[in-house]
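# Chain and residue survey
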Amino acid sequence: MHSETLPTSKQLLASWARIWQQKLNGKPDDIKQAIGSHVKLFPKGNHSEVEARTKRTIAAHSGDPKTIRALLNRAQANLRNL
């Protein structure tokens, strides 16, 4: 049996920062790559659930660039403090 681990806080924050940055840049292929990288952080059995939740979270905040910038800034600030 494989021992797969969950991502660390630092990995998650860096991944979300990348996702929000790509969302601000507005390039669909880059966003898909960022989501793919985020999903790969998790154990294989959870990939579809993680991808669905990530896409829902992105969709919930897509309408307001100020919200996305605030999320990006918070992720980057927390990364500096780790």
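Figured I'd write up the structure that's included with this text. (Residues numbered from 1 in each chain as written. Predicted model: local features only at pLDDT ≥ 70, side-chain atom pairs only at ≥ 80, totals over all residues. Heavy atoms only, no water.)

### Describing the overall build of the protein chain
- A tally of regular secondary structure across the protein chain gives four helices and zero strands.
- What you see for the protein chain is a C-alpha radius of gyration of 13 Å, in line with the 12 Å of a compact globule of 82 residues.
- For the protein chain, the spread of C-alpha atoms along the principal axes amounts to about 45 × 30 × 20 Å.
- Residue burial in the protein chain is summarised as follows: out of 82 residues, 24% are buried.
- Partitioning the intrachain contacts of the protein chain with sequence separation of at least 6 by distance along the chain shows that 61% fall at a separation of at least 24.
- Taken as two groups, the 14 positive and 6 negative side-chain charges of the protein chain have centres that lie 6 Å from each other. (Helix = DSSP H or I, 4+ residues; strand = E, 2+ residues; numbered from the N terminus. Rg over C-alpha atoms; globule rule 2.2 N^0.38 Å. Buried < 20%, exposed > 50% of the residue type's maximum accessible area, 1.4 Å probe, protein only. Contact = heavy atoms within 4.5 Å. Lys, Arg positive; Asp, Glu negative; His and termini not counted. Charge placed at Lys NZ, Arg CZ, Asp CG, Glu CD.)

### Let's talk about the side chain of threonine 54
- Along the chain, the position of threonine 54 falls in helix 3 (residues 47-61).
- Residue classification places threonine 54 among the buried residues on the basis of a relative accessible area of 2%.
- In this view, threonine 54 contacts Trp16, Ile19, Ile35 and His38; residues no more than four positions away in its chain are not counted.

### Some remarks on the nonpolar core
- Ranked by internal contacts, the top residues of the largest apolar core, which has 14 residues, are Trp20, Ile35 and Ile58.
- Counting residues per element, the ones that place at least two in this core are helix 1 (9-25), helix 2 (28-40), helix 3 and helix 4 (65-81).
- Leave out the neighbours within four places in its chain, and isoleucine 58 touches Trp16, Ile19, Trp20, Lys23 and Ile35. (Core = buried A, V, L, I, M, F, W, Y, C linked by side-chain atoms within 4.5 Å.)

### Some thoughts on the packing of helix 2 against helix 3
- Look at helix 2 against helix 3: their axes get within 9 Å of each other, and the N-to-C directions meet at 135°. Considering the angle they form, helix 2 stands oblique to helix 3. Helix 2 and helix 3 meet at a crossing whose hand is right-handed. Between helix 2 and helix 3, the residues in contact are Ile35, His38, Val39 and Lys40 and His47, Val50, Glu51, Thr54, Lys55 and Ile58, respectively.
- When the residues that make up the contact of helix 2 with helix 3 are grouped by side-chain class, the tally is four nonpolar, three polar and three charged. (Axes fitted to C-alpha atoms, helices over the stretch in contact; angles between N-to-C directions. Parallel < 35°, antiparallel > 145°, perpendicular 65-115°, else oblique. Left-handed = near helix turned anticlockwise from the far one by under 90°. Nonpolar A, V, L, I, M, F, W, Y, C, P; charged D, E, K, R; others polar.)

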